[in-house]
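# Overview (structure and organization)
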Amino acid sequence: MEKYDPQAAARVWQRVRGEKNEESGIGLQTLVAWEKEAEAMLLWLSKRLPEKGYPVQQMIADTRRHIACLQGIRQLSGEKPGTYSREKPLSGEPGMVLRKCYGHCLKVGAQYAARAEDETCGCVYADMARTKRRHCAMLLEILGGA
């Protein structure tokens, strides 16, 4: 019979409960908040760039799916849904918001990629990381064509 390693068991339970990632210190609630921030930026862009409606709407739909997945992971791990404050209204030029959204996608996508090896939900994180990379390309395409 194998020996019981309490530290390994604690790490497994930490992942199952969705607690903060040891390497990054970023918890699920923070990821949901970041996705909600991305959704707000994309909604703002959809109003300012109506001619780019299809790709922006596609990114909004993907972001909402990510929020739902993260909330599902939280429920799976026994966490209660968190509360999120509304972001300040955005202002400025669309190009500035596109650049901000691009950086945001890189940051969130890196978090998802770092969690891709998770035993329970790694495949979901890997899929969300791929989607964020696609969003980065879409944002650059919009920025380059604006």
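Since the model is a prediction, treat every value here as computed from it, not as a measurement. (Residues numbered from 1 in each chain as written. Predicted model: local features only at pLDDT ≥ 70, side-chain atom pairs only at ≥ 80, totals over all residues. Heavy atoms only, no water.)

### Section: the overall build of the protein
Here is the rule we go by: Here a strand is any run of E in DSSP of at least two residues, a helix any run of H or I of at least four, and the numbering for each starts at the N terminus. Exposure classes here rest on a 1.4 Å probe applied to the protein chains alone. A residue is buried below 20% of its type maximum, exposed above 50%, and partly exposed in between. In what follows, residue pairs with any heavy atoms lying within 4.5 Å of each other are defined as contacts.
Along the protein, the regular secondary structure elements total five helices and zero strands. Secondary structure of the protein in N-to-C order comes out as α-α-α-α-α. Burial status across the protein gives 38% buried among its 146 residues. Residue pairs at least 24 apart in sequence account for 76% of intrachain contacts in the protein once pairs closer than 6 positions are excluded.

### Structural notes on the pattern of salt bridges
Close approach of charged atoms allows side chains of opposite charge to pair. Filter applied, for reference: Salt-bridge detection follows one rule: a side-chain nitrogen of Lys or Arg within 4 Å of a carboxyl oxygen of Asp or Glu.
A full pass over the atoms with the stated rule returns six salt bridges. Residue Asp62 is joined to Arg134 by a salt bridge in which the shortest nitrogen-to-oxygen separation is 2.8 Å. On the criterion of sequence distance, the pair formed by Asp62 in helix 3 (residues 53-76) and Arg134 in helix 5 (residues 122-145) is long-range, its members being 72 residues apart. Looking at Arg134, the relative accessible area reads 34%, which means it is partly exposed. Put simply, Asp62, Arg65 and Arg134 are held in one network by salt bridges that share partners.

### A closer look at the packing of helix 2 (residues 28-48) against helix 4 (residues 94-114)
What counts is decided by this rule: Angles run from 0 to 180 degrees between N-to-C directions of axes, and those axes are lines fitted to C-alpha atoms, restricted for helices to the stretch in contact. Roughly parallel means an angle under 35 degrees; roughly antiparallel means over 145; roughly perpendicular covers 65 to 115; every other angle is labelled oblique. Left-handed describes a crossing in which the near helix is turned anticlockwise from the far one by less than a right angle; the clockwise case is right-handed. All residues other than Ala, Val, Leu, Ile, Met, Phe, Trp, Tyr, Cys, Pro, Asp, Glu, Lys and Arg, Gly among them, are scored as polar; the first ten of these are nonpolar and the last four charged.
Where helix 2 meets helix 4, the closest approach of the two axes is 10 Å, and the angle between their N-to-C directions is 150 degrees. Our classification of the angle between helix 2 and helix 4 gives roughly antiparallel. Crossing of helix 2 over helix 4 shows left-handed handedness. Residues Leu31, Trp34, Glu35, Glu37, Ala38, Met41, Leu42, Trp44, Leu45 and Arg48 of helix 2 form the contact with helix 4, whose participating residues are Pro94, Val97, Leu98, Lys100, Cys101, His104, Lys107, Val108, Gln111 and Tyr112. Tallied by class, the residues present in the contact of helix 2 with helix 4 amount to 13 nonpolar, two polar and five charged.

### So, the confidence of the model for the protein
As a reminder of what qualifies: The predictor rates its confidence in each residue with pLDDT, a number between 0 and 100.
Of all residues in the protein, 77% have pLDDT values of 70 or greater, and the mean over the chain is 85. No element of the protein has a lower mean pLDDT than helix 1 (residues 6-16), which averages 56, and none a higher one than helix 5, which averages 96. Under a pLDDT of 50 for its full length, residues 19-23 has, in the predicted model, 10 contacts with residues more than four places off or in other chains.

### So, the nonpolar core
The following threshold applies: As used in this record, nonpolar core signifies buried Ala, Val, Leu, Ile, Met, Phe, Trp, Tyr and Cys residues forming a set joined through side-chain atoms within 4.5 Å.
Judged by nonpolar contacts, the single largest core of 16 residues is most densely connected at Leu42, Leu45, Val56, Met59, Leu98, Leu139 and Ile142. Counting residues per element, the ones that place at least two in this core are helix 2, helix 3, helix 4 and helix 5. Not counting residues up to four positions away in its chain, the partners in contact with Met59 are Leu42, His135, Met138, Leu139 and Ile142.

### Quick word on the packing of aromatic side chains
To be explicit about the condition: Ring pairs shown here join Phe, Tyr and Trp side chains whose ring centres sit within 6.5 Å, with only the six-membered ring taken for Trp; geometry is labelled stacked below 30 degrees between planes, edge-to-face above 60, and tilted in between. We count a charge as sitting over a ring when the NZ of a lysine or the CZ of an arginine lies within 6 Å of the ring centre and within 35 degrees of the ring normal.
Using the criterion set out here, one finds one aromatic pair in the structure. Between Lys107 and the ring centre of Trp34, over which it is positioned, the NZ or CZ distance is 4.1 Å.

### Focus: the packing of helix 4 against helix 5
Running from N to C, helix 4 and helix 5 point in directions that differ by 160 degrees, and their axes come no closer than 8 Å. With respect to each other, helix 4 and helix 5 are oriented roughly antiparallel. As for how helix 4 packs across helix 5, the hand of that crossing is left-handed. Between helix 4, through Gly95, Leu98, Arg99, Cys101, Tyr102, Cys105, Leu106, Val108, Gly109, Tyr112 and Ala113, and helix 5, the contact on the second element is made entirely by Tyr125, Met128, Ala129, Lys132, His135, Cys136, Leu139, Leu140, Ile142 and Leu143. Of the residues that constitute the contact of helix 4 with helix 5, the class distribution is 16 nonpolar, three polar and two charged.

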